[in-house]
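Residue-level listing of the chains:
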Amino acid sequence: MGRAVVLGRADRGDQVLAVGSHPAKGDRLLAAAEATDLGDRVRFLAADLSTIKGTEKVLEYVAAEYETIDALVLAANRQSPKRIETSDGFESTFALYYLSRYLLGHGLMPTLVAGTRRSVIVNIAGVGLTSGRIHWDDLQLRDRYRTITAQLQAGRANDLLGVAMAAQYGQQVPYVLYHPGFTRSGDSAMEQINPLTRALIKTIARVAARPVEKAIMPVHDFIEAPPTQPLTAIDRGKPVPLDLKTLDPDAARRLADVTACLINDGSRPTT
Ligand SMILES: NC(=O)c1ccc[n+]([C@@H]2O[C@H](COP(=O)([O-])OP(=O)(O)OC[C@H]3O[C@@H](n4cnc5c(N)ncnc54)[C@H](OP(=O)(O)O)[C@@H]3O)[C@@H](O)[C@H]2O)c1
């Protein structure tokens, strides 16, 4: 979906910076842009968003290269069947799917507010789902790691991230939580899944999943006409009531505080 947003934005005239961890995929993206005469509008930066250092590389690059940005679209995720700990000591799904989005949102805020045009953050995750939860006593899932547990926890953490960001910055930079639904998108989320399950998911996706272009259409709308309200939550085309239990402001404040401590105290996470 990220790739389609990048090419779609470039096609509409925007300058776009894409971030991913695989340089070869970046080269393919740039080749696709060149092939459609969009090469001068697309840049690719290779960075590992599952690490703080990799995410800071993006923040530094943007600060050096761009005076303003109009939109930040957050879409990086990867499923891991085994628990992996990043070099910072975080469980990798928590680090990539949630923490990088926290860091990018906060870190890019000065550049997002710098322009004259109203900017927007679009976080593509799973808002509207109520399954899964934040494991406050074991955020790094040391004792109960399962792929789905980690994915759902990070999804719910992104819900709360949207609430906290909207409360802090939403008057200036609206925050959109967007759940695209089952989409026939790339394979990187499934790279680690065993081949049999992957083949099964692909077969089901051919029948049941939405085409990428359809799933990302609302993202273009959010970028072209940023919402006026601080927080917007859309689950497969339908507005999510902002009083849904997964969007609880107290829990959002709690997670924001815990996350700030995890990042700022420089010590390895204990939760
Ligand atoms: N597809 C669905 O059915 C579906 C349904 C509901 C919600 N969603 C959510 O929608 C979002 C987009 O999903 P998608 O299907 O487009 O995912 P995808 O095709 O698997 O793409 C994920 C992207 O994340 C990047 N990425 C993975 N690890 C990275 C890392 N360590 N550092 C930097 N970039 C990294 C990948 O690029 P590299 O490989 O180059 O790193 C890839 O471009 C995700 O948050 C997903 O949870 C998807």
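See above for the structure.
Residues numbered from 1 in each chain as written. Predicted model: local features only at pLDDT ≥ 70, side-chain atom pairs only at ≥ 80, totals over all residues. Heavy atoms only, no water.

**Digging into the pairing of strand 5 (residues 175-179)**
Buried residues dominate strand 5, accounting for five of its five residues. Bridge count for strand 4 (residues 120-124) against strand 5 is four bridges, and the pairing is parallel. Across the sheet, residue Ile-124 finds its bridge partner in strand 5, namely Tyr-178. Each parallel crossover has a hand, and for strand 4 linked through helix 6 (residues 147-169) to strand 5 it is right-handed. Pairing analysis gives five bridges linking strand 5 to strand 6 (residues 231-235), with the strands arranged parallel. What sits directly across from Tyr-178, in strand 6, is Ile-234. (Buried < 20%, exposed > 50% of the residue type's maximum accessible area, 1.4 Å probe, protein only. Helix = DSSP H or I, 4+ residues; strand = E, 2+ residues; numbered from the N terminus. Pairing = 2+ DSSP bridges. Right-handed = clockwise from strand over helix to strand, strands pointing away.)

**What to know about the sheet that holds strand 6**
Strand order in the open sheet formed by five strands is 3-4-5-6-7, and the pairing between neighbours is mixed. In the strand order of this sheet, the two ends are held by strand 3 (71-74) and strand 7 (238-239), each with one partner. Strand direction decides the pairing type here: strand 6 and strand 7, joined by two bridges, are antiparallel. Residue pairing for strand 7: Asp-235 is matched across the bridge by Lys-238. The sheet strands contacting helix 6 are strand 4, strand 5 and strand 6, and the helix crosses strand 5 at an angle near 160 degrees. (Contact = heavy atoms within 4.5 Å. Axes fitted to C-alpha atoms, helices over the stretch in contact; angles between N-to-C directions.)

**Description of helix 2 (residues 23-35)**
Between its first and last C-alpha atoms helix 2 spans 18 Å; for 13 residues at 1.5 Å apiece the expected length is 18 Å, and the two agree. What helix 2 keeps buried is the set Gly-26, Leu-29, Ala-32 and Ala-33. Looking down the long axis of helix 2, one finds its buried residues gathered within 120 degrees of arc, a one-sided arrangement. Turned more than 90 degrees off the buried face of helix 2, the exposed positions are Asp-27, Arg-28, Glu-34 and Ala-35. (Expected span 1.5 Å × (residues − 1). Arc of directions from axis to C-beta.)

**Things to note about the packing of helix 1 (residues 2-11) against helix 8 (residues 212-224)**
Axis separation between helix 1 and helix 8 bottoms out at 10 Å; the angle between their running directions is 55 degrees. When the axis of helix 1 is compared with that of helix 8, the two are oblique. When the axes of helix 1 and helix 8 are compared, the crossing they make is right-handed. In this structure, helix 1 contributes Ala-4, Val-5, Gly-8 and Arg-9 to the contact, and helix 8 contributes Val-212, Glu-213, Ile-216, Val-219, His-220, Ile-223 and Glu-224. Among the residues making up the contact of helix 1 with helix 8, the classes are represented as six nonpolar, two polar and three charged. (Parallel < 35°, antiparallel > 145°, perpendicular 65-115°, else oblique. Left-handed = near helix turned anticlockwise from the far one by under 90°. Nonpolar A, V, L, I, M, F, W, Y, C, P; charged D, E, K, R; others polar.)

**Some words on the nonpolar core**
Membership of the largest hydrophobic core comes to 48 residues, with the highest contact counts inside it found for Tyr-98, Leu-104, Leu-108, Leu-112, Ile-121 and Tyr-175. For this core, the elements supplying multiple residues, two or more each, are helix 3 (52-65), strand 3, helix 4 (92-107), helix 5 (109-112), helix 6, strand 5, strand 6 and helix 9 (249-264). The element contributing the most residues to this core is helix 4, with nine residues. With near-sequence residues (within four places) excluded, Leu-104 lies in contact with Leu-49, Thr-55, Val-58, Leu-59, Leu-72 and Leu-74. Of all hydrophobic cores here, the second largest spans 13 residues; its members include Val-120, Tyr-178, Val-219 and Phe-222. (Core = buried A, V, L, I, M, F, W, Y, C linked by side-chain atoms within 4.5 Å.)

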